[in-house]
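Structural description and commentary
Listed below are the residues making up each chain.
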Amino acid sequence: HRDCKFIVPTRSYRAICEQLNYYGYELNKQVYITYGLNPYHLDAELELIWNNVHEGKRSYDLLCQKYFANQIYICPYPGTGDAFLVGMYLNAMRAEHGDDGNYVLITTSGSCKKILSLFGIESVVMDRMEAVRLLRFAKVMGFKNVKVLNDGYRPVKHENLRGCNGIDFHSLFQISIFDVKEPLPFPEVPQENTDHLFQEFGLTKGKTVLLSPYANTILPGAVEYWDRIVEILTEKGYTVCTNSASPEETAVAGTTGIMIPYNQILDFLNKAGGFIGMRSGLCDIVAGIKAKKMIIYPKGKSFDKTTVFEYFSLKKMFPDIQNLVEMEWLF
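Below you will find a few notes about this structure. (Residues numbered from 1 in each chain as written. Predicted model: local features only at pLDDT ≥ 70, side-chain atom pairs only at ≥ 80, totals over all residues. Heavy atoms only, no water.)

Observations concerning the overall build of the chain
- Per the secondary structure count, the chain includes twelve helices and 14 strands.
- With the C-alpha coordinates aligned to their principal axes, the bounding extent of the chain is approximately 65 × 55 × 40 Å.
- Taken over 331 residues, the chain has a buried fraction of 46%.
- Taking contacts inside the chain between residues at least 6 apart in sequence as the whole, the part at least 24 apart equals 66%.
- About 17,600 Å² of surface is accessible on the chain, with carbon and sulfur atoms providing 54% of the total.
- Charged side chains in the chain number 35 positive and 37 negative. The centres of these two groups are separated by 2 Å. (Helix = DSSP H or I, 4+ residues; strand = E, 2+ residues; numbered from the N terminus. Buried < 20%, exposed > 50% of the residue type's maximum accessible area, 1.4 Å probe, protein only. Contact = heavy atoms within 4.5 Å. Areas by Shrake-Rupley, 256 points an atom, 1.4 Å probe, with all protein chains shown as cover. Lys, Arg positive; Asp, Glu negative; His and termini not counted. Charge placed at Lys NZ, Arg CZ, Asp CG, Glu CD.)

Observations concerning the packing of helix 3 (residues 80-96) against helix 4 (residues 110-118)
- At a closest axis distance of 9 Å, the pairing of helix 3 and helix 4 adopts a crossing angle of 30 degrees. Taken together, the axes of helix 3 and helix 4 are roughly parallel relative to one another. The crossing of helix 3 and helix 4 is right-handed. The residues of helix 4 that touch helix 3, namely those facing Thr80, Ala83, Phe84, Val86 and Gly87, are Ser111, Cys112, Ile115 and Leu116. (Axes fitted to C-alpha atoms, helices over the stretch in contact; angles between N-to-C directions. Parallel < 35°, antiparallel > 145°, perpendicular 65-115°, else oblique. Left-handed = near helix turned anticlockwise from the far one by under 90°.)

Observations regarding the sheet that holds strand 4 (residues 103-107)
- Strand order across the open sheet formed by four strands is 5-4-3-6, with parallel pairing between neighbours. Sheet topology places strand 5 (124-125) and strand 6 (146-148) at the edges, where each strand pairs with a single neighbour. (Pairing = 2+ DSSP bridges.)

A word on unusual backbone geometry
- Phi is positive for Asn28, close to 70 degrees, though the residue is something other than glycine.
- By the secondary structure assignment, Asn28 is in the loop between helix 1 (13-22) and strand 2 (31-33).
- Phi angles above zero are rare outside glycine, and Phe68 is one such case at about 50 degrees.
- Within the secondary structure, Phe68 sits in the loop between helix 2 (42-67) and strand 3 (71-75).
- For Phe68, a relative accessible area of 64% translates into the label exposed.

Quick look at the pairing of strand 3
- Burial analysis of strand 3 places five of its five residues in the buried class, the great majority of the element.
- Because side chains alternate across strand 3, one face comprises the buried residues Gln71, Tyr73 and Cys75, and the other comprises Ile72 and Ile74, equally buried.
- Note: strand 3 against strand 4, five bridges, orientation parallel. Looking at strand 4, one finds that Tyr73 is bridged to Leu105.
- For the segment spanning strand 3, helix 3 and strand 4, crossover handedness is right-handed.
- Note that strand 3 and strand 6 share three bridges and pair parallel. By the bridge assignment for strand 6, Ile72 is matched with Val146. (Right-handed = clockwise from strand over helix to strand, strands pointing away.)

Set out below in structure tokens:
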């Protein structure tokens, strides 16, 4: 809506303004930055901090009592790619640092919980604001018995290292979050048979492409790009479906919407034959399939000190991946 006005009062204003600009909203015309301009009321801030810390302590005590845990791990960002790396490295991290006591792992989304279950890891889904309050209590206590498995919520924010000296998403988590000396190879995760999906949705084995046009961290591609992809694939005799994980993720025109669980999607894609998707956490999960993969990145879009492509490139993260084509598109 062209008459919308946006007030941006947070220190993340650069990234927010870039995303708003992508949708046509211009700085100082529809978008106004107020970060650093608001009056600071110390008494009100202290009361808010105290209430948050108090509620966080309550959550901490309940978790320790219910799960007999002497260690709490928190995945505060609901990114599926983050959860996939946690699943890869959690046990290696615990072994390398001698963490052998009881623990509880907190996530803030059901999707992350499902991904962790692929690795046989149980987790507890917590409301995101409750997790933030728990983090605030942990910070006051010096993060004693609490470890944050993310680069943006730690005592020292390692997100500032993104892109420095070419460091990528995988390397940053391996080195600074998990503190594991050597990178782990791409994991194998158990899968269920998906033969029934091909029959149910009228898809052809070996001649089907799954599209994944949606992402959380990265801006989506324009609709006309996906329409053209469908047109080309259909002309070549492929059946095409769209990964629709929620009601908001509608199927691309001319395709079948299909929701494939994480414990089935690798089996499905290996039998289908192909995957084309915007770079998202799903791409981390399917990167190891034998089928052909095309991953799309927004060209030139910045990500802290680097670009989306340089930081999230799957070829950089997992050099041994086969049948992978990565492309930058100017949207």
